[in-house]
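# Coordinate inspection notes
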Amino acid sequence: MRDDLQMVWLVARRELRDQFRDWRIMTPLIILTLAFPLLMNEVARNAVAFINQYGANLIVDRLVPFSILIIGFFPITISLVVALESFVGEKERGTIEPLLSSPLENRHLYFGKLLVGIFTPLVAGYTSIIFYVIIVSRQHLHMPDAYVFVQLFMLTTAHAILMVSAAIVISVQSTTVRAANLLASFIVVPVAILMQGESALLFWGNDQVLWLAVVAVIIMASLLIRVGIAHFQREYLLGREFDTLNLRWMWKTFWGKFKGEAKTLGSWYRLEIGRAMRQLAVPLVFIAVFAVVGYLASYQWATVNVPRLLPHATAKDISEIAKNVGQSAGIAQAGQHLSALFIFANNVRATLFVFLGGIISFSVLGVLAFLLNIGLVGGVLGIVKLMGYSPTLIFVAGLLPHGIFEIPALMISTAIVLRIGAVLVTPQLGKSMGQMALELLADWAKVFIGLVIPLLAVAAVVEAYVTPVILAAALKQ
Amino acid sequence: MLNSLLMPTRGWARVAGYDVVTHGAEVRASVGVLTEQHGLYMRMTGDEYLEFFGQVYRLNSKTRKSRRDYLLDYFGLAGASSQRIGQYSKGMRQKLALARALMHEPPVLLLDEPTSAMDPESARLVRDEIARLKSSQRTIVICTHNLFEAETLADMIAIIYKGRILMIGTLEELKQKVLGISEYEARFSSNWNGEKLNLPAGVMLVEQSASSLRFRVERPPEANPLLMNELMSKHAPLMAFQEVPRSLEEVYLKVMADAQASHAEMIHA
């Protein structure tokens with residue numbers, strides 16, 4: 001362990017020294033780190049003064065936490081170039097080969113580069129923030145309290161770790177610095193959007209959600225680091241010289257995996273779907289456990305907390321909630337007729353959301369979306385119990401007829417997303433990331449088209465035409 | 001592949017006793033590599049650079065210092081050790097890269113096109129240094145397209161085509177195998193009509209002129225002294241006796257032509 005840390009530090013120290021000697025990195029970094037706080041301060045003051053001319057009642061003090069968040073973010077985006085260049089830059093300059101030919105392990109190289117990648121933006125970000133705080137303190141503006149400061153520093157740190165870990169993944173996978181820089185927008189833009197949400201939370205003053213954002217960003221960063229190290233291959237760094245968009249290869253890879261060895265639809269179901277389902281056995285067990293825990297937790301929460309909350313709710317609150325529930329999920333637009341097609345489209349949309357959320361977050365958001373759906377069922381049944389009905393009756397008569405198809409469909413589509421996340425963070429020797437992504441996409445498409453869509457179609461028909469009849473009959477009794 | 005950077009699709013290789021697939025780290029620790037691109041960090045000084053790689057190869061500080069001083073001195077870089085590598089000439093850079101490859105005293109040295117893209121003077125400098133490194137304690141593998149370099153430096157030569165070794169052996173063995181039995185030429189200081197010579201076994205006269213004779217000699221170490229004795233005994237005005245030059249280039253071109261022809265035949269079939 002000590003030896004590992006020494007080697008990581010050795011790689012990092014050399015790189016740091018190299019950077020401090022490179023005026024092309026240091027000059028813009030120093031200028032922007034020091035100039036941006038001044039600029040931000042002036043812009044904020046003038047903007048508030050300008051708006052207040054027209055009768056608004058804004059005070060500059062309210063902008064200070066928001067400004068700190070922005071000021072910490074900008075130097076990070078500028079020094080991201082260090083991380084983006086870390087591997088591909090060395091490859092382009094031809095200095096990577098002696099390093100790869102040495103007994104340094106992959107983890108030494110990777111974490112050494114990561115350390116430098118994180119260190120530079122953080123020092124720049126912190127310096128900028130401290131400089132801004134000094135400027136603000138001299139203007140006698142109201143300073144945020146220590147708690148908010150800690151939160152802002154944590155957010156800045158989390159942003160830096162997230163962006164740098166993504167940049168290092170890009171740097172390992174790119175073949176040229178140019179390609180890496182082009183791909184950087186895929187890091188900066190989402191983090192900028194994330195910051196808009198965090199800024200809203202800052203103005204809103206919801207610090208609990210902000211802490212959750214810090215934790216979520218750090219989890220994301222950890223997963224990215226895991227993906228990066230899992231797919232770090234010396235061979236890949238040296239072997240690939242150029243990127244080409246080979247549509248024929250992409251299609252062949254996808255179709256080869258999707259069709260597999262099957263010749264007919266029957267054999268496709270027997271061989272390929274069978275194989276896909278066997279691969280999903282372990283993820284399905286996890287999903288089943290999540291489902292049971294999620295269901296029980298939300299059922300419990302609803303039965304315990306709702307009675308406590310209800311006496312405090314005013315009539316206005318209740319009508320507001322009813323209005324919001326009515327507007328959610330397009331129920332209001334559906335009117336009186338929840339057609340099979342509407343239900344089917346809605347459920348397909350939900351499973352697609354699980355997939356999309358899953359692939360951008362290594363399955364975390366996908367599983368969360370699944371838990372949300374399951375939690376909703378638990379919560380509704382909890383309220384049903386509070387209303388004096390039997391939850392078992394409602395479950396059997398109102399949910400089970402279509403749920404017997406719908407719940408497995410939802411579980412399967414979440415399990416495949418969980419598997420995709422697990423495969424992404426596991427080393428796959430001899431495969432490029434592109435090949436792996438295409439194969440995983442084919443696996444998902446196989447299960448989605450072969451199982452999830454048919455199950456959801458049957459579930460929609462049952463939910464539209466059979467469940468209401470059974471539920472009505474059960475409630476009459 | 002021999003440095004455990006690229007994985008073989010099939011087959012195996014052992015370097016310094018370690019398997020390249022299963023013991024990558026040990027292989028890399030036993031090998032010194034010099035590639036076509038020297039791969040130096042231009043903002044470091046020569047001294048810092050060797051110190052860094054000494055640490056990478058886990059040498060203790062005392063060994064690092066002594067190896068650094070020795071190598072810088074050995075390659076004539078001691079005077080420039082505190083200069084940034086960016087200020088070095090091409091030859092100096094390649095010599096420093098060679099010093100890096102030798103820092104941990106590897107039993108195996110892999111040199112990939114060590115002098116390509118270098119001016120003749122620098123190339124000569126580096127070639128001389130490689131020749132100085134030959135020792136019974138070290139295996140040096142040079143991959144090169146420069147046949148003169150191979151001829152000058154190598155004890156054993158392998159010709160590789162499409163990933164297969166077509167031929168391997170000493171320079172003499174390759175020449176004999178590809179170009180046939182060696183020929184020797186006797187040159188005379190004045191015209192000599194050439195009395196009837198009693199040629200030793202395995203020697204055949206292949207060409208004759210007033211000022212020279214050319215022989216095909218099967219076993220030169222035994223036959224040449226006898227042949228020269230014979231010439232002297234016949235009072236030939238012998239001025240020079242030497243092998244007719246045959247370069248590695250001739251061997252290479254012939255081997256490649258044969259290989260390409262048989263490859264084309266295979267595709268045709």
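Structural notes, computed from the coordinates. Keep in mind that this is a model prediction, so the values were computed, not measured. (Residues numbered from 1 in each chain as written. Chains lettered and ligands numbered in written order. Predicted model: local features only at pLDDT ≥ 70, side-chain atom pairs only at ≥ 80, totals over all residues. Heavy atoms only, no water.)

### A closer look at the overall build of chain A
Selection criterion: Each helix is a run of H or I in the DSSP string that is no shorter than four residues. Each strand is a run of E no shorter than two, and both are numbered from the N terminus. Relative accessibility thresholds used throughout: buried, under 20% of the residue-type maximum; exposed, over 50%; partly exposed, between the two (1.4 Å probe, protein chains only). The contact criterion used is simple: two residues touch if any of their non-hydrogen atoms lie within 4.5 Å. The protein chains shown are the only cover counted for residues, whose accessible areas, like all others here, come from Shrake-Rupley with a 1.4 Å probe.
Within chain A, the regular secondary structure consists of 21 helices and zero strands. The buried share among the 477 residues of chain A stands at 47%. Taking as baseline every contact in chain A between residues at least 6 positions apart, the subset at least 24 positions apart corresponds to 84%. Just so you have it, chain A exposes about 24,700 Å², and 71% of that area is on carbon and sulfur atoms.

### Here we look at unusual backbone geometry
Residues and elements named next belong to chain B. Although it is not a glycine, alanine 16 sits at a positive phi angle of roughly 55°. Relative to the elements of secondary structure, alanine 16 occurs in the loop between strand E1 (14–15) and strand E2 (18–19). Of note, the phi angle at lysine 162 is positive, near 50°, even though the residue is not glycine.

### Some thoughts on the side chain of B:Glu183
Residue and element names in this part refer to chain B. Residue placement: glutamate 183 occurs in strand E8 (residues 183–188). Residue glutamate 183 is classed as buried on the basis of its relative accessible area of 17%. In contact with glutamate 183, not counting residues within four places along its chain, are Val206, Arg214, Phe215, Arg216, Gln242, Glu243 and Val244.

### Brief notes about the pairing of strand E6 (residues 157–161) of chain B
Residue and element names in this part refer to chain B. Formally: Pairing between strands requires that DSSP locate at least two bridges from one strand to the other.
Burial along E6 is one-sided: Ile157, Ile159 and Tyr161 are buried, and none of Ala158 and Ile160, which face the opposite way, are. Note that E6 and strand E7 (residues 164–169) share five bridges and pair antiparallel. Across the sheet, the residue bridging to tyrosine 161 is arginine 164, located in E7.

### Things to note about the nonpolar core
The condition that has to hold: Residues grouped as a nonpolar core are buried Ala, Val, Leu, Ile, Met, Phe, Trp, Tyr and Cys residues, joined through side-chain atoms within 4.5 Å.
Core analysis: the largest hydrophobic core is formed by 139 residues, its most contacted members being A:Phe87, B:Tyr49 and B:Leu96. Top contributing element to this core by residue count: helix H7 (residues 146–173) of chain A, with 14 residues. Residues within four places of B:Tyr49 in sequence aside, it is in contact with A:Pro98, B:Gly39, B:Leu40, B:Tyr41, B:Met44, B:Ile85, B:Leu96 and B:Arg100.

### Topic: the sheet that holds strand E4 (residues 108–112) of chain B
All names here are of chain B. Here is the rule: Every angle, taken between N-to-C directions, lies between 0 and 180 degrees, and every axis is a line fitted to C-alpha atoms, over only the stretch in contact when it is a helix.
The three strands are arranged E3-E4-E5 in an open sheet whose pairing can be described as parallel. A single partner strand is all that each edge strand has here, and the edge strands are strand E3 (31–34) and strand E5 (139–143). The sheet shows a mean angle of 15° between the axes of neighbouring strands, taken without regard to direction. Note: E3 against E4, four bridges, orientation parallel. What sits directly across from glycine 32, in E4, is leucine 109. Sheet strands in contact with helix H4 (residues 90–102) are E3 and E4, and its direction is about 165° off that of E3.

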